[in-house]
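What follows is the residue order along each chain.
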Amino acid sequence: MTSRKHVDQESQSHEDPANKYPKPPFPKKPQEVPGTESAMDPQADHGEQSYRGKGRLVGKAAIITGGDSGIGKAVAIAFAREGADVLISYLDDVEERDAEDTIKYIEEAGRKAVQVKGDISAEQHCWKIVETAIKEFGKIDILVNNAAYQMSRETLQDIPAWEWEKTFAVNIHSMFYLCKAAEPHMPPGSSIINTTSVNAYEPNPTLLPYAATKAAIQNFTANLSQILLEQGKGIRVNAVAPGPIWTPLIPSTIPDHEHFGENTPFERPGQPVEVAPAYVFLASDEANYISGATLPVTGGRITI
Ligand code: NAD
Ligand code: MG
């Protein structure tokens, strides 16, 4: 049997982080939006076998949108192992298996797991998510706004107006609806964490609407932080800016995903498990004095 001491030593290995996970090229395996974990090649790492909690979120209750797959799944597993009850929201019937798998890991960690399916671009659905969390947990300590939509388009003329509107509705309107609905139920010491992107700093020309929403999320985060702290609510608001991360979003929306992540100093995409600790930190009391900030997790891509 592996002793605790042995595992701790193992986690402090001197491995070069650049070589820790698969490097492109990957097989070309396009998926339909929203994509699923099981169709990914290589499979992504959400910390299923590796993430070890240290009691940072004991007794907290969290909502994570897009918690079925990718970054949201890794955050859900990490939060549960840190001691939090977790509600995951997701969009589609095809994501049912991904959602069930996340639920399994939350429950295995001994925490309460709740799932809510539906479209967060509708304000009423956001109310439903918050009402369900209150019914199940009695409070909300952590709100992770993580779900998003994007689509690659080569030219301005290729972007339909409906897609422009949908991208804003899913990525930023939902954030307003969820923050507004959740805030009255969030006690002092709570934390809101929004998922932005390296695209807020360095917009990819094939992702015009998406990059614009991610820049809006940065501004929203900084502003809501001021509003809530100036009102004495004691709720911190921060963002995480991932670089290229290997999730179902990528093969379902990026045609040349074979080379995804090559444009980082690590020459590979990050894995969801490599992003989750940023959310744990920002949600925890260790980040007590941090609000209005954005934490980049970009594999060395620069955001200044
Ligand atoms: P993902 O596909 O695993 O997660 C996105 C989730 O959003 C999906 O699981 C889906 O259920 C949910 N979703 C999409 N539209 C929705 C809607 N209308 N209503 C409700 N839920 C909806 O992909 P991911 O890469 O883990 O994405 C998570 C976040 O990370 C997103 O905000 C994304 O913009 C951000 N991000 C990802 C990368 C990357 O390279 N993967 C880079 C920077 C930022
Ligand atoms: Mg999904």
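Residues numbered from 1 in each chain as written. Chains lettered and ligands numbered in written order. Predicted model: local features only at pLDDT ≥ 70, side-chain atom pairs only at ≥ 80, totals over all residues. Heavy atoms only, no water.

Per an unreviewed UniProt entry, the recorded name for the protein chain is NAD(P)-dependent dehydrogenase, short-chain alcohol dehydrogenase family, and the organism is Parapedobacter koreensis. Annotation of the protein chain in UniProt includes, under Sequence similarities (unreviewed entry), the sentence "Belongs to the short-chain dehydrogenases/reductases (SDR) family." (UniProt positions renumbered as here; feature names shortened; annotations may be inferred.)

1. Examining the coordination of the magnesium ion (ligand 2)
Surrounding the magnesium ion (ligand 2) are the protein donor atoms Asp-68 (OD), Ser-69 (OG) and Glu-95 (OE), at 2.1 to 2.2 Å. Judged by its relative accessible area of 12%, Ser-69 falls in the buried class. We classify Glu-95 as buried; its relative accessible area is 5%. (Donors = N, O, S within 2.8 Å, 3.2 Å for Na, K, Ca; no water. Buried < 20%, exposed > 50% of the residue type's maximum accessible area, 1.4 Å probe, protein only.)

2. Describing the site of ligand 1
Neighbouring ligand 1 are 29 residues, the closest being Asp-68, Ser-69, Asn-146, Tyr-210 and Thr-247. Here an oxygen atom of ligand 1 and a backbone polar atom of Asn-146 are 2.7 Å apart. Against a free-state accessible area of 810 Å², the protein chains account for coverage of 96% of ligand 1. Secondary structure elements with two or more residues in the shell around ligand 1: α2 (70–81), α6 (208–230) and α7 (249–253). Partitioned by chemical class, the residues of the shell around ligand 1 number 15 nonpolar, 10 polar and four charged. (Near = heavy atom within 4 Å. Polar contact = N/O pair within 3.5 Å; in protein donor to acceptor, adjacent residues only side chain to side chain. Areas by Shrake-Rupley, 256 points an atom, 1.4 Å probe, with all protein chains shown as cover. Helix = DSSP H or I, 4+ residues; strand = E, 2+ residues; numbered from the N terminus. Nonpolar A, V, L, I, M, F, W, Y, C, P; charged D, E, K, R; others polar.)

3. A word on the packing of aromatic side chains
One pass over the structure, following the stated rule, counts four aromatic pairs. Pairing Phe-26 with Trp-246 gives two aromatic rings, centres 4.7 Å apart and planes at 50°, and the pair type is tilted. Of this pair, Phe-26 sits in the loop between α1 (4–11) and β1 (61–65) while Trp-246 sits in the loop between β6 (236–242) and α7, and the two are 220 residues apart along the sequence. For the pair formed by Phe-26 and Trp-246, the shared burial category is buried. Ring geometry for Trp-246 and Phe-260: centres 6.4 Å apart, planes at 40°, overall tilted. In this pair, Trp-246 is assigned in the loop between β6 and α7 and Phe-260 in the loop between α7 and α8 (272–283), connecting sequence segments 14 residues apart. Each of the two residues, Trp-246 as well as Phe-260, counts as buried. Ring pairing ties together the aromatic residues Phe-26, Trp-246 and Phe-260, which thus form one cluster. The side chain of Lys-104 reaches across the aromatic face of Tyr-105, ending 4.6 Å from its centre. If you follow Lys-166 out to its NZ or CZ, it ends over the ring of Tyr-149, 4.2 Å from the centre. (Phe/Tyr/Trp six-rings, centres within 6.5 Å; stacked < 30°, edge-to-face > 60°. Lys NZ or Arg CZ within 6 Å of the ring centre and 35° of its normal.)

4. Quick look at the pairing of β6
A large share of β6 lies buried, amounting to seven of its seven residues. Bridge count between strand β5 (residues 191–195) and β6: five bridges; the pairing is parallel. Bridge pairing in β6 places Thr-195 opposite Val-240. Handedness of the crossover is the feature at issue here: the chain leaves β5, passes through α6, returns alongside β6, and the resulting connection is right-handed. (Pairing = 2+ DSSP bridges. Right-handed = clockwise from strand over helix to strand, strands pointing away.)

5. Some points on the pattern of salt bridges
Tallied over the full model, the rule gives 17 salt bridges. The closest approach of N and O atoms between Glu-286 and Arg-56, which form a salt bridge, is 3.2 Å. Here the residue Glu-286 occupies a position in the loop between α8 and β7 (294–297), and Arg-56 occupies one in the loop between α1 and β1, the gap between them amounting to 230 residues. Residue classification places Arg-56 among the partly exposed residues on the basis of a relative accessible area of 28%. With a closest N to O distance of 3.3 Å, Asp-85 and Arg-111 form a salt bridge. Within this pair, whereas Asp-85 is found in strand β2 (residues 85–90), its partner Arg-111 is found in the loop between α3 (96–108) and β3 (113–117), the two being separated by 26 residues in sequence. We classify Asp-85 as buried; its relative accessible area is 16%. One connected set of salt bridges, linked through shared partners, spans Arg-56, Glu-82 and Glu-286. (Salt bridge = Lys/Arg side-chain N within 4 Å of Asp/Glu carboxyl O.)

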